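As a plain string of letters, each chain reads:
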Amino acid sequence: MASITKTIPDDFILGAAASAWQTEGWQGKQPGQDSWMDAWYKRERHVWHNGYGPAVATNFYQRYKEDVALMKQAGLTHFRTSINWSRFFTDYRNAVVDEDYATYIDNVLDELIRAGIEPMICLEHYELPAELFDNDGGWASREVVELFVRYAGKVFERFHAKVRRWYTFNEPVVVQTRVYLDALRWPHEQNTGTWMQWNHHKNLATARAIQLFREKGYPGTIGCILNPEVTYPRSSAAHDQKAAQMYDLFYNRVFLDPMVHGCYPELLLDTLARHEVAWHYSENDLAVMRDNCVDELGINLYYPHRVQAPSHAWNPETPFHPACYYEPFTLPGRRMNTSRGWEIYPQIIYDMAMRLKTDYRNIPWFIAENGMGIENEGRFRNSDGVIEDDYRIEFYSEHLFQALRAREAGTNCLGYMVWAFTDNVSPMNAFKNRYGLVEIDLENNRDRRLKKSAYWFRQIRDSRVLALSVDDEWK
Ligand code: BG6
């Protein structure tokens, strides 16, 4: 075992993330203010682990003061969450603000600022209003793009004095991939064309919100939180390389290229045309996207994605799916988080960083989410009642190490944020896999308790030194 230490630069963000729908709960929510997530939960509660979902969540809406005090105790420099679009208005089309909800957001921001924690705000973390989903088809509609830009305008106008870092979406590829491409989530409609239309409209909505933000001259930066899956081919053979290239094109470059370079990859446009799933867009859309790229990117990274060339011909009876170009590859001997079923490979952070440096004009970026969801954490509770999550400390240390290494290698890495601040509700898995630096005790009134990892976090924030042991011996 070797012991390594790394100095953490003073301006390096050390934070944690959450989202509105995964923490707030429905207290104070008015009829007609469901998000797509709420609507899905109401229709298919049976697929949510033990029936838990967004209804109570962690009740952050009522307990945010307690949580901000814990953030201070854990030493967070930054906290990222979202504003819940579905609750921000009582009338989406006429942009009538729900004053109670807006006051709550104001209070949360004030509480964070008083505690010396910088808020980072996302405009959408899957909280598309259900009404716009039901009546307009969600992001398939241009009208929804317009309504989002109006929403962004209202939010900027109201909170620009308190927030300096804005993000349009969290993981913009996710909802439509689960709903329209893989049809795993309500309303389970397989339609690849709709999937691509949502992708395009989210790119356009990002560019339009950026344009508005800059025209109004608001202070601070605006970007997006993406989840590029670092994709490794099984082998160096051309067919496996192509599989990785196509996976990357459809799930990563579809957002990275327009947001950082202002245009779609030619290969993507050609491939979509060939498969007759090209989306509708105008020349003006492309011009707006070209002129309004992001200032910075948040990058969510959890696990590597490994692919190989498909072993079977595509079934021509089924609609086009990018999976006709690849299939998953399982690396024998891989290290696993068996609770979540995700491979552990900290090198993804360094590899992604180097790609941002070389292929994406060394754009400023930070790890916006990285974390480890573990089942049954009660088994690690010590006699003082504290969950001793050494596995999480090890996971964070190894990933933070890669981020610091990437910064030393000249990438524009601004910081590292963990998912999540407290345990919270995951889509379907609900409270099954626990992610928090802080435990939410479901058996006892959702009481909060710092885990060992929260004390570790505080210590690295105070010392600005990361120390870790690396197993580098030939044994
Ligand atoms: C990210 C999302 O993809 O991963 C979060 O931004 C999510 O909303 C987190 O909770 C962890 O994934 P999961 O599926 O275990 O909740």
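Look above for the structure.
Figured I'd write up the structure that's included with this text. (Residues numbered from 1 in each chain as written. Predicted model: local features only at pLDDT ≥ 70, side-chain atom pairs only at ≥ 80, totals over all residues. Heavy atoms only, no water.)

Side note on the overall build of the chain
Now for step 1: Per the secondary structure count, the chain includes 15 helices and 19 strands.
Now for step 2: For a compact globule of 475 residues, the expected C-alpha radius of gyration is about 23 Å, and the chain comes in at 22 Å, within 12% of that figure.
Now for step 3: Judged by the C-alpha coordinates and their principal axes, the chain covers about 60 × 60 × 45 Å.
Now for step 4: Looking at the 475 residues of the chain, the share that counts as buried comes to 60%.
Now for step 5: Here the contacts in the chain between residues at least 6 apart in sequence split such that 77% fall between residues at least 24 apart. (Helix = DSSP H or I, 4+ residues; strand = E, 2+ residues; numbered from the N terminus. Rg over C-alpha atoms; globule rule 2.2 N^0.38 Å. Buried < 20%, exposed > 50% of the residue type's maximum accessible area, 1.4 Å probe, protein only. Contact = heavy atoms within 4.5 Å.)

Looking at the sheet that holds strand S11 (residues 305-308)
Paired through backbone hydrogen bonds, the strands of a sheet run either parallel or antiparallel to each other.
Now for step 1: Here we have three strands laid out as an open sheet, ordered S9-S11-S12, and mixed in their pairing. At either margin of the open sheet sits one strand with a lone partner, and together these are strand S9 (231-233) and strand S12 (327-328).
Now for step 2: Where helix H10 (residues 238-261) meets the sheet, its contacts fall on S9 and S11, and the angle it forms with S9 comes to roughly 165°. (Pairing = 2+ DSSP bridges. Axes fitted to C-alpha atoms, helices over the stretch in contact; angles between N-to-C directions.)

Thoughts on the pattern of salt bridges
Now for step 1: Applying the stated rule across the entire model yields 39 salt bridges.
Now for step 2: Here Asp106 ties to Lys162 by a salt bridge, and the two come within 2.6 Å at their closest N and O atoms. One end of the pair, Asp106, is in helix H5 (residues 99-114); the other, Lys162, is in the loop between helix H7 (142-159) and strand S7 (165-170), with 56 residues separating them in the sequence.
Now for step 3: The exposure class of Asp106 is buried, given its relative accessible area of 17%. (Salt bridge = Lys/Arg side-chain N within 4 Å of Asp/Glu carboxyl O.)

Things to note about the packing of aromatic side chains
Now for step 1: Scanning the entire structure with this criterion turns up 48 aromatic pairs.
Now for step 2: With centroids separated by 5.1 Å and ring planes inclined at 10°, the aromatic side chains of Phe148 and Phe169 adopt a geometry described as stacked. Taken together, the residues Phe148 in helix H7 and Phe169 in strand S7 connect sequence positions 21 residues apart. Each of the two residues, Phe148 as well as Phe169, counts as buried. (Phe/Tyr/Trp six-rings, centres within 6.5 Å; stacked < 30°, edge-to-face > 60°.)

Concerning the side chain of Asn252
Now for step 1: Structurally, Asn252 can be placed in helix H10.
Now for step 2: In this structure the side chain of Asn252 is engaged in a polar contact, spanning 2.8 Å, whose partner is the backbone oxygen of Glu229.
Now for step 3: Setting aside its immediate chain neighbours within four residues, Asn252 contacts Asn227, Pro228, Glu229, Thr231 and Tyr247. (Polar contact = N/O pair within 3.5 Å; in protein donor to acceptor, adjacent residues only side chain to side chain.)

Let's talk about the site of the ligand
Now for step 1: The ligand sits among 14 residues. The nearest are Glu171, Arg340, Glu369, Ser426 and Tyr435.
Now for step 2: Within the side chain of Gln22, one N or O atom sits 2.9 Å away from an oxygen atom of the ligand.
Now for step 3: In the environment of the ligand, an oxygen atom lies 3.4 Å from a nitrogen or oxygen atom belonging to the side chain of Tyr302.
Now for step 4: The fraction of the free accessible surface of the ligand (380 Å²) that becomes covered by protein chains is 91%.
Now for step 5: A class-by-class count of the residues in the shell around the ligand yields six nonpolar, five polar and three charged. (Near = heavy atom within 4 Å. Areas by Shrake-Rupley, 256 points an atom, 1.4 Å probe, with all protein chains shown as cover. Nonpolar A, V, L, I, M, F, W, Y, C, P; charged D, E, K, R; others polar.)

Here we look at helix H2 (residues 36-43)
Now for step 1: The buried fraction of H2 amounts to six of the eight residues, a majority that puts the element mostly inside the structure.
Now for step 2: For H2, the full list of buried residues reads Trp36, Met37, Asp38, Ala39, Trp40 and Tyr41.

Looking at the state of the cysteines
Now for step 1: Evaluated as defined, the whole model comprises zero disulfides.
Now for step 2: Summary of cysteine pairing: Cys224 is not part of a disulfide, and the nearest cysteine sulfur, belonging to Cys122, is at 7.0 Å.
Now for step 3: Taking the relative accessible area as the measure of exposure, Cys224 reaches 0% and is therefore buried.
Now for step 4: Sulfur of Cys263: no disulfide; nearest cysteine sulfur belongs to Cys293 and is 8.1 Å away.
Now for step 5: Given the relative accessible area of 43%, Cys263 is considered partly exposed. (Disulfide = S-S within 2.5 Å.)

As for the sheet that holds S7
Now for step 1: The strand order around the closed barrel formed by eight strands is S2-S3-S6-S7-S8-S10-S15-S16, and the pairing between neighbours is parallel. The mean angle between the axes of side-by-side strands here comes to 25°, regardless of whether they run parallel or antiparallel.
Now for step 2: One ladder, built from four bridges, connects S7 with strand S8 (residues 221-226); its direction is parallel. Of the residues in S8, the one forming a bridge with Trp166 is Ile222.
Now for step 3: Strands in contact with H10 are S8 and strand S10 (297-300); relative to S8, the strand with the most contacts, it is inclined by about 170°.
Now for step 4: Helix H14 (residues 390-408) contacts strand S2 (13-17), strand S15 (365-369) and strand S16 (413-419) of the sheet and is inclined by roughly 165° relative to S16.

Details of the nonpolar core
The nonpolar side chains of a soluble globular protein tend to be buried with one another.
Now for step 1: Ranked by size, the top nonpolar core spans 152 residues in total, and within it Trp85, Phe88, Trp139, Trp166, Leu297, Trp365 and Phe421 carry the most contacts.
Now for step 2: For this core, the element with the highest residue contribution is H10, accounting for twelve residues.
Now for step 3: If we skip the residues at most four places from it in the chain, Phe421 touches Ala16, Ala17, Asp67, Leu70, Met71, Ala74, Leu76, Phe79, Gly436, Leu437 and Val438.
Now for step 4: In terms of nonpolar packing, the next biggest core, distinct from the first, is built from nine residues, Met120, Cys122, Phe366 and Ala368 among them. (Core = buried A, V, L, I, M, F, W, Y, C linked by side-chain atoms within 4.5 Å.)

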